[in-house]
Amino acid sequence: MSESKLDHIYPGIDRLQYFLWKVGMILAVVFVITVFGYDSSMMKIMGLVLMVAGVVLDVMRLRNIGLSQWFAFVRFLPFGNTVLDIGLQCAQTGWIETRRLDKAGRSIFIFELLLVALMLFMLFRFRMQVPFYF
């Protein structure tokens, strides 16, 4: 099926829109931290707003690839957000029909796995301290 026909069958946002919204959310956090500070009440409000917005984005993207919207709650499991984000950024519109990634999706998947591997390498090689705020 062509991409325009799939857009009518699978509503929601495609992977480019999902990626751009995620970048926008990161920029919003950087702006709020820069202007108001990390411990400000504005940052607490922004955290709540971005948590809800993240779930909404995930639901819209899950609808677009044809999966159940309940998978959006995987983001609240340990490391679930990372796995969910990688999956949602890689899958094309209507992924459920073929259950295979297209060429762009495979490229994105490999790139993101390399970034995770680089992060883990830096963590263990340079014995970086991971801050835990409890």
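Note: the structure precedes this text.
**Student:** Honestly, the packing of aromatic side chains in this entry has me stumped. Any pointers?
**Tutor:** A complete count under the given rule lists three aromatic pairs for this structure. Taking the centre distance of 6.4 Å and the plane angle of 75° together, the rings of Phe-121 and Phe-126 count as edge-to-face. Each member of the aromatic cluster is reached from another via a ring pair, and the members are Trp-70, Phe-73 and Phe-76.

**Student:** What is the right way to look at the environment of Gly-66 in this model?
**Tutor:** With respect to the element layout, Gly-66 can be found in the loop between helix 3 (41-65) and helix 4 (80-90). Residues Gly-66 and Ile-9 lie 57 residues apart in sequence; the distance between their C-alpha atoms is 9.1 Å. Leave out the neighbours within four places in its chain, and Gly-66 touches Tyr-10 and Ile-96.

**Student:** Honestly, the side chain of Glu-112 in this entry has me stumped. Any pointers?
**Tutor:** Structurally, Glu-112 is set in helix 6 (residues 103-125). Buried charge Glu-112 goes without a salt bridge, the closest partner of opposite sign being Arg-15 at 9.7 Å. Glu-112 has contacts with Ile-86, Gln-89 and Cys-90, leaving out every residue within four places of it along the chain.

**Student:** It is not clear to me how the side chain of Lys-22 should be interpreted in this structure. Could you clarify?
**Tutor:** As for its position among the elements, Lys-22 is in helix 2 (residues 15-36). We classify Lys-22 as buried; its relative accessible area is 13%.

**Student:** Help me understand a nonpolar patch on the surface in this model?
**Tutor:** On the surface, Leu-48, Met-51, Val-52, Val-56, Met-60, Trp-70, Phe-73 and Phe-76 cluster together into a nonpolar patch covering about 820 Å² of accessible area. On the secondary structure map, Val-56 appears in helix 3.

**Student:** Please clarify how the packing of helix 2 against helix 4 should be interpreted in this entry.
**Tutor:** Relative placement of two packed helices is described by the angle separating their axes and the distance separating the axes. The N-to-C vectors of helix 2 and helix 4 enclose an angle of 135°; their axes lie 8 Å apart at closest approach. What the angle tells us is that helix 2 and helix 4 run oblique. Residue-level contacts link Arg-15, Tyr-18, Phe-19 and Lys-22 of helix 2 to Asp-85, Leu-88, Gln-89 and Cys-90 of helix 4. Residues that form the contact of helix 2 with helix 4 fall into these classes: four nonpolar, one polar and three charged.

**Student:** Honestly, the pattern of salt bridges in this entry has me stumped. Any pointers?
**Tutor:** Oppositely charged side chains can pair when the atoms bearing their charge come close. Scanning the entire structure with this criterion turns up three salt bridges. For Asp-102, the salt bridge is made with Arg-15, and the minimal N-O distance between the two is 2.6 Å. Residue Asp-102 is located in the loop between helix 5 (95-98) and helix 6, and its partner Arg-15 is located in helix 2; the two are separated by 87 residues in the primary sequence. A residue is classified by how much of its surface remains accessible, and Asp-102, at 27% relative accessible area, is partly exposed. A salt bridge links Asp-58 to Arg-75; its shortest N-O distance comes to 2.7 Å. One end of the pair, Asp-58, is in helix 3; the other, Arg-75, is in the loop between helix 3 and helix 4, with 17 residues separating them in the sequence.

The rules behind these values
- Every chain begins its residue count from 1, and numbering advances along the sequence as written.
- Residues qualify for local features only when their pLDDT is at least 70, as the model is predicted, and side-chain atom pairs are given and counted only at 80 or more; totals for whole chains, interfaces and linings, by contrast, use all residues.
- Only hydrogens and water are set aside when side-chain values are computed; all heavy atoms of the structure are taken into account.
- Centre distance within 6.5 Å is the pairing criterion for rings of Phe, Tyr and Trp, where only the six-membered ring of Trp is used; planes under 30 degrees apart are then read as stacked, over 60 as edge-to-face, and the remainder as tilted.
- Labels follow the DSSP assignment, with helices taken as runs of H or I lasting at least four residues and strands as runs of E lasting at least two, numbered in each case from the N terminus.
- We call two residues in contact whenever any of their non-hydrogen atoms come within 4.5 Å of each other.
- For every residue, the accessible area (1.4 Å probe, protein chains only) is compared with the maximum for its type, and the residue is labelled buried under 20%, exposed over 50%, or partly exposed between those bounds.
- The sign given to each residue is positive for Lys and Arg and negative for Asp and Glu; His and the chain ends receive no count.
- Each salt bridge in this description consists of a side-chain nitrogen of Lys or Arg and a carboxyl oxygen of Asp or Glu lying within 4 Å of one another.
- Patches were defined on residues exceeding 30% relative accessible area and lacking a salt bridge, with like-charge contacts within 9 Å and nonpolar side-chain contacts (Val, Leu, Ile, Met, Phe, Trp, Tyr) within 5 Å.
- Method for areas: the Shrake-Rupley scheme with a 1.4 Å probe, in which residue coverage is limited to the protein chains shown.
- Every angle, taken between N-to-C directions, lies between 0 and 180 degrees, and every axis is a line fitted to C-alpha atoms, over only the stretch in contact when it is a helix.
- Note on angle classes: values under 35 degrees are labelled roughly parallel, values over 145 roughly antiparallel, values of 65 to 115 roughly perpendicular, and the remainder oblique.
- In this classification, Asp, Glu, Lys and Arg are treated as charged, Ala, Val, Leu, Ile, Met, Phe, Trp, Tyr, Cys and Pro as nonpolar, and every other residue, Gly included, as polar.

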